[in-house]
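The chain contents come next:
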Amino acid sequence: MHLILASNSPRRKQLLAGLDIPFEVKVMPGIEENYPDDLPANQVAAFLAKQKAEPYKQVIDDDTVVLTADTVVISDNRIYGKPADEAEAARMLEALSGKTHQVTTGVCLTSARWQHAFDVTSDVTFKSFTAEEIHYYISHYHPLDKAGAYGIQEWIGYIGVTALHGSYFNVMGLPVQRIYQELKSLQLIER
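In this text, all values refer to a predicted model and were calculated from it rather than measured experimentally.

*Asks:* Help me understand the pairing of strand β3 (residues 64–75) in this model?
*Replies:* Residues in a regular strand project their side chains so that they alternate between the two faces of the sheet. In terms of burial, β3 is a largely internal element, twelve of the twelve residues being buried. Where burial is concerned, the two faces of β3 agree: the one with Thr64, Val66, Thr68, Asp70, Val72 and Ile74 and the one with Val65, Leu67, Ala69, Thr71, Val73 and Ser75 are both buried. The pairing of strand β1 (residues 2–5) with β3 spans four bridges and is classified as parallel. Within β3, the residue paired with Ile4 across the bridge is Val66. Sheet topology note: the β3/strand β4 (residues 78–80) ladder contains three bridges and is antiparallel. When the sheet's bridge partners are listed, Ser75 is paired in β4 with Arg78. If you look at the hairpin formed by β3 and β4, you'll find two residues sitting between the two strands, and Asp76 has a positive phi there, around 55 degrees.

Pasting the structure below:
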């Protein structure tokens, strides 16, 4: 099996590398990330992961599997994607402050002949943040490339996460334990 990770995310590269499975990073440009407005929030991540896989179907051979993923943060049935700017990042963190939210990562494994998609959800509880803590985090860590405007592995996670139910690595952006399970069940790896 030739595995392709279709993501430029340094976190996803690091996490997948931790499985000791050889892979190549290959990202096709111009893939849109849109979903229907009426799609339930908990189905958005898997929908986007499948959407990202579509362009690869025509360019891969039978021995290649493409892994696509998308992570969303959900609070009060509202989706928090990547913030457009620092002001939106601050609003997102204020909305998540003092509450439990869900982080869902959709994963799609695609070959030339088949496709298998799944998602993993983790519950994350934050303490109540002060305005100063939010400002400090945004100005020092620049979380504009992260769903929900935060990285659990960064300062905000160190000082703010009071509870986590589910996969820590899922919250980072790739549920590697589940990916390993799925690759084994599809008989794509032997261990």
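Having put the structure on the table, let's press on.
*Asks:* How should helix α7 (residues 176–185) be read in this particular structure?
*Replies:* Quick reminder: α-helices carry 3.6 residues per turn. Residues three or four places apart thus point the same way. All of the buried residues along α7 are Val176, Ile179, Glu182 and Leu183. Buried residues of α7, seen end-on, are gathered within an arc of 120 degrees and therefore sit on one face of the element. Opposite the buried face of α7, by more than 90 degrees, sit the exposed residues Gln177 and Ser185. Where α7 is buried, its residues meet α1 (10–17), β3, β5 (100–110), β6 (115–126) and α6 (168–172).

*Asks:* Help me understand the nonpolar core, please; the structure alone is not making it clear to me.
*Replies:* For soluble globular proteins, the rule of thumb is that nonpolar side chains tend to be buried together. Core analysis: the biggest nonpolar cluster contains 39 residues, and Leu67, Tyr150, Leu174 and Ile179 have the highest contact counts within it. Here this core takes five residues from helix α3 (residues 86–96), the largest share from any one element. With residues up to four places along the chain from it excluded, the contact list for Leu67 reads Leu3, Ile4, Leu5, Ala6, Leu16, Val107, Cys108, Leu109, Leu174 and Ile179. Counting residues in hydrophobic clusters, the runner-up holds seven residues, among them Leu39, Val44, Ala45 and Val72.

*Asks:* Explain the pattern of salt bridges to me, please; I cannot follow it from the model alone.
*Replies:* Two side chains of opposite charge can pair, provided their charged atoms sit close to one another. Applying the stated criterion across every chain yields a total of ten salt bridges. One salt bridge in this structure joins Arg11 and Asp145, with 3.7 Å as the shortest N-O distance. Of the two residues, Arg11 is situated in helix α1 and Asp145 in the loop between α4 (131–141) and α5 (155–160); the sequence distance between them amounts to 134 residues. Of the residues examined, Arg11 reaches a relative accessible area of 14% and is grouped as buried. Through salt bridges with shared partners, one network takes in Arg11, Asp145, Lys146 and Glu154.

Rules used throughout
Residues numbered from 1 in each chain as written. Predicted model: local features only at pLDDT ≥ 70, side-chain atom pairs only at ≥ 80, totals over all residues. Heavy atoms only, no water. Buried < 20%, exposed > 50% of the residue type's maximum accessible area, 1.4 Å probe, protein only. Helix = DSSP H or I, 4+ residues; strand = E, 2+ residues; numbered from the N terminus. Pairing = 2+ DSSP bridges. Arc of directions from axis to C-beta. Contact = heavy atoms within 4.5 Å. Core = buried A, V, L, I, M, F, W, Y, C linked by side-chain atoms within 4.5 Å. Salt bridge = Lys/Arg side-chain N within 4 Å of Asp/Glu carboxyl O.

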